[in-house]
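So you can see what is in the structure, the chains are spelled out below.
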Amino acid sequence: MTKSKNKIDVMKDEWQNKSSYFVVPFLKLLALSLLVFFINRFVDTFILAGKDHFLNRVFSSDINVLANTLSGLGEVVTAVLGIEITAIAIVVQLAANKYSSNIMELFIENKVNVLIIALFVITGTNTVLVTNTMTEHFMPLFSITVTILLIALSVLIVIPHFSYVFNFLRPNNFLNYVKDNTIKIINDMVDGKVKYKNSQKDQINYNINFIGDIALNSVHMGDRAVSLLALSVLKEILVEYSKRKKHLPEEWFKLTGNEYLDPDFSNYSDFVMTRIEEKQNVLERKIFRLYELIYNNSRTSLRDVASGVLLYSELLAIEFIENDDMTSLNTVFKYYNSYLRSAINGKDPRSAFNAFEHYRIIGEKLLDTYPEEVEKVSFYFKYYGQEASKFSVLFILETAAHDLCRINELAFEKNVPNLLNLLDLFLNLDEPLGEAAKDTENHKELSLIGVRVAQAKLAGFYLMHGNTALARVIFSDMQVEPYYRIQKIRDTILQTTEEEFWEITPRGVNFNYVKPELRSAVIEFFSWFEKKD
């Protein structure tokens, strides 16, 4: 019984597919063609029949001339339609091969394209009907006039349609088309224009996958502009979604089961999927999973695109902060941590260098409203800085130190309540040199000096602003260092006289540089240390 029922369901689905893709369009075109024909015939038969009107003086009274003319024009329309479909099919297929196979479906679903192709079909059908219903005793001049106008319109619209198609196939246009469609679905649910159905979530997922495919394919082809455009579109969708998320129906956040088949979730355990449902961040996780995938595929080959991922992740984090969406913000933290892990495992300090900068900006933004969350950011900086040091990936620990120095400076200026906690995390950033293996000792010392440089700069900052107590906290932490290293740290700072780094880097600044107004405070800080014999 069950097998029989399943077979019936399959046959029903097949018939529905045939109906939607073949029968329904056929019947619509047939109905429109007949409607045009019968309206024109009604005018000829009941309104203009037997009357002397201007059409009698426009057209020839010879039926053979009119019949031959119309039949020839009908062949022209058919030929133009064939050329148009062939040329457009080639162009659309080339775009589909380059960006995504879904472009073909997008083109077919576009109403302008459908209407223009329908115009050709209706014109051809109407021409056949009019030509074969004329007699010597009945000259349907109005029908002939309308037919000729339709033929002229069909020919005239060819070039504008080609222009429209080429414009439609520009990445910024079809990406924005998909974006607008996605946002419209969300707005319609929020405004109550449509009742929530699983198909709406499926359509949104389909649209996001479409944009993600274009971004990935563009990365593999080395097309930076389109990759960055796709990243921007994904960001705009998530920004609009974040603004309306609180007003979506509760059913939206329930997993439908299709998520387990989604490539962005298929490798997650039931535990993870349950947590995603509880936190109601399925769309955020999906888009950031695409970001992570694009980042990993472009990190070493197209660094501009990888930097774009970091930038848009930062902008989304700021949007979540403004929308008071801490669940989504913590999702951003997870993915920034994943970006850092990817850079460390790939021994790619430059990518980590860029990731820390955008991560730090998020921390700076949090100081205004959620300073306690900055402790998380500081801990992650410490963790991944030490992880990099453990695997001998140079310069990441120093980068983390200088970014934490900046966060602590802003925390002091804003007088946040957890200032001492942030300072303590910063001072615990460095890993004791004694734990390093001998073959990596020099690298560890270089990293340690870089960390101490950042801590000394912060101490000078405190002194410049008249807070000796906080500077003394840093002094107590640095007292364990041998004097030769203190001298090395001092010289590193004071011998750096150029603020701009002498190589091209994304940040462009020299970490060891201190501004003139800060130098005297730094010198005073180092004067506290006494030479140890």
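Notes on the structure follow. (Residues numbered from 1 in each chain as written. Predicted model: local features only at pLDDT ≥ 70, side-chain atom pairs only at ≥ 80, totals over all residues. Heavy atoms only, no water.)

1. Digging into the overall build of the protein chain
Part 1 of the reasoning: Scanning the protein chain for helices and strands turns up 22 helices and zero strands.
Part 2 of the reasoning: Considering the protein chain as a whole, with its 533 residues, one finds that 49% of them fall into the buried category.
Part 3 of the reasoning: Restricting to contacts in the protein chain with at least 6 residues of sequence separation, those with at least 24 account for 75%. (Helix = DSSP H or I, 4+ residues; strand = E, 2+ residues; numbered from the N terminus. Buried < 20%, exposed > 50% of the residue type's maximum accessible area, 1.4 Å probe, protein only. Contact = heavy atoms within 4.5 Å.)

2. Quick look at the pattern of salt bridges
Part 1 of the reasoning: Here the structure, examined in full by the defined rule, presents 27 salt bridges.
Part 2 of the reasoning: Between Arg 360 and Asp 403 there is a salt bridge whose closest N-O contact spans 2.9 Å. Highlighted residues: Arg 360 in helix H15 (residues 349–369) and Asp 403 in helix H17 (residues 396–414), separated in sequence by 43 residues. Comparing Arg 360 with Asp 403, the two get one shared label, buried.
Part 3 of the reasoning: Note that Glu 481 and Arg 485 form a salt bridge whose closest N and O atoms lie 2.5 Å from each other. Each member of the pair, Glu 481 as well as Arg 485, carries the same accessibility label: buried.
Part 4 of the reasoning: Through salt bridges that share partners, Arg 360, Glu 364, Asp 403, Arg 406 and Glu 409 make up one connected network. (Salt bridge = Lys/Arg side-chain N within 4 Å of Asp/Glu carboxyl O.)

3. Brief notes about unusual backbone geometry
Part 1 of the reasoning: One non-glycine residue, Gln 280, lies in the positive phi region at around 55°.
Part 2 of the reasoning: Given the relative accessible area of 25%, Gln 280 is considered partly exposed.
Part 3 of the reasoning: Of note, the phi angle at Asn 415 is positive, near 55°, even though the residue is not glycine.
Part 4 of the reasoning: With relative accessibility at 62%, the residue Asn 415 sits in the exposed group.

4. Re the side chain of Asn 354
Part 1 of the reasoning: Tracing the chain through its elements places Asn 354 in helix H15.
Part 2 of the reasoning: Leaving out residues up to four positions away in the same chain, Asn 354 has contacts with Ser 307, Leu 310 and Pro 506.

5. Structural notes on helix H22 (residues 516–526)
Part 1 of the reasoning: Every buried residue of H22 is listed here: Leu 518, Ala 521, Val 522, Phe 525 and Phe 526. Buried residues in H22, looked at end-on, bunch into an arc of 140°, giving them a common side. Counted as exposed and oriented over 90 degrees from the buried face of H22: Pro 516 and Ser 520. (Arc of directions from axis to C-beta.)

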